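# Observations on chain architecture
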Amino acid sequence: MGPLDQLLAWLKTKLLPLFEALFRPASGNEDPDGAVPVFLGEFWGYGASALSVLVLSYLLYKGYKALVASGALELLYGILSIGILYLIAAVLRLEFLIWLLDGIVPTLLVILAVVLQPEFRRIFVQIGRQGMLHHSHRNHQDLQVINNMVEACELLVEMSRGALIVFCRENMLRHIVRTGTSLNAVPGTELVVSLFAFDTPLHDGAIVLNHSRIAAAGCILPIDPEEKTLITMKSGTRHRSAMELVRETDAVVLVVSEESGHISLAFDGEMHSHLGIAEILEELDRLLIHKKERRKRLGLGRMLLQVWRFFGENNKRRKERPTQKEIEEGPENRNRTEGG
Ligand SMILES: Nc1ncnc2c1ncn2[C@@H]1O[C@H](COP(=O)(O)OP(=O)(O)OP(=O)(O)O)[C@@H](O)[C@H]1O
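Everything quoted here is computed from the prediction, not taken from an experiment.

Time to look at the UniProt feature "transmembrane region" (unreviewed entry) in the protein. If you check UniProt for "transmembrane region" (unreviewed entry), the listed places come out as residues 43-61, 73-92 and 98-116 in our numbering. In residues 98-116, the share of helix is 95% and the share of strand is 0%. The end C-alpha atoms are 25 Å apart.

The next subject is the nonpolar core. Ranked by size, the top nonpolar core spans 32 residues in total, and within it M149, I165, F167, I207, L254 and L284 carry the most contacts. Counting only elements with at least two residues in this core, the list comes to α6 (143-158), β1 (163-167), α8 (189-197), β3 (206-210), β4 (213-219), β5 (252-256), β6 (263-267) and α11 (277-288). If near-sequence neighbours (up to four positions away) are discounted, F167 is found in contact with Q141, M149, L209, A251, V252, L254, L284 and L288. I176, L221, A251 and M271 belong to the second largest nonpolar core, which has 21 residues in total.

Close to the ligand lie 15 residues, the nearest being D204, T237, H239, S257 and E258. S257 has a polar side-chain atom sitting 2.5 Å from an oxygen atom of the ligand. Between E258 and the ligand, the recorded distance is 2.6 Å, taken from a backbone N or O atom to an oxygen atom. When the free accessible area of the ligand is taken as 630 Å², the share hidden by the protein chains comes to 77%. In terms of residues, the shell around the ligand owes the most to one element, helix α10 (residues 237-248), which gives 4 residues. Of the residues assigned to the shell around the ligand, the class counts are 5 nonpolar, 6 polar and 4 charged.

Before going further, it helps to spend a moment on α8. Among all positions of α8, only T189, V192, V193, L195, F196 and A197 are buried. Check the buried side of α8 and you find it contacts α6, β1, β2 (181-185), β3 and β4.

Conventions and cut-offs
- Residues numbered from 1 in each chain as written.
- Predicted model: local features only at pLDDT ≥ 70, side-chain atom pairs only at ≥ 80, totals over all residues.
- Heavy atoms only, no water.
- UniProt positions renumbered as here; feature names shortened; annotations may be inferred.
- Helix = DSSP H or I, 4+ residues; strand = E, 2+ residues; numbered from the N terminus.
- Core = buried A, V, L, I, M, F, W, Y, C linked by side-chain atoms within 4.5 Å.
- Buried < 20%, exposed > 50% of the residue type's maximum accessible area, 1.4 Å probe, protein only.
- Contact = heavy atoms within 4.5 Å.
- Near = heavy atom within 4 Å.
- Polar contact = N/O pair within 3.5 Å; in protein donor to acceptor, adjacent residues only side chain to side chain.
- Areas by Shrake-Rupley, 256 points an atom, 1.4 Å probe, with all protein chains shown as cover.
- Nonpolar A, V, L, I, M, F, W, Y, C, P; charged D, E, K, R; others polar.

This is how it looks when you write it as structure tokens:
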């Protein structure tokens, strides 16, 4: 008998009786299938209900997070409104309304499924990419790295170059990193400027930052060819791809426009253009740095200084910010108007 056979025989003699004992039905609480562990026998009824509630809560929580991250929260509000309407109709016994809703709701659901197909797609992409059992931890980014990236953006604006800088949060964006050239480099200002400022092979596409390292450069972000919202109609593919990424994932993206020299920040399904540098830094700090670290770093004095700087910059920006009319007219007309 070889050592493997000996091990198997030992496992059989030791473990089999243990398993049999474990899965024997509890006395007085006979389980017809005999599949309930004996030590759980007494509490199985409560345990099963608690487990179901836990699993359901977890699924609802994950579903809600996917909805928020996919920017399709309005969809949930719409469905909830119909549910509330139903409830009111049932409580007040509004027979006609109930009859009407009974007739309309199934058709409405079909129409919703067709019209909101892109939103549904995003929700499922979100769930698929994150995974239901994804461990929730915030991707750590250093304050220094954030400062470096914003500084690099400012330098690139001066050089009239564009850039796409993606910060990962919980989603590590492996599917995006795979499309580029792996770097695993320290994100220094000079390196990022060198990547985007010259027509080298890596200047096209995006860099992806993961745990305060540049995971890859030259990455391709997704683009929805059917996207036709106002922002995307006026923007080129760089801005559209950033929008699509923050709709599908929880990433935060810095976009430097080669054309206009604007630095925009995209996150949570929205693109924020016309932000001041202080506001961008403030937002990145809020979005990417762990709360505990921020609290530690920001003593009361520094926090007041930040608030002061934030509002100062905000006021200055508000004065400089173009009106909706000026945005629609475009930069050439604006300059002409300004010049008289
Ligand atoms: N899907 C994408 N993924 C990554 N990078 C992209 C993608 N689409 C475009 N880019 C980058 O954006 C660059 C400029 O694209 P385009 O001019 O269409 O965008 P834009 O939004 O008008 O930006 P800009 O205001 O800088 O001109 C491309 O050369 C490429 O480097």
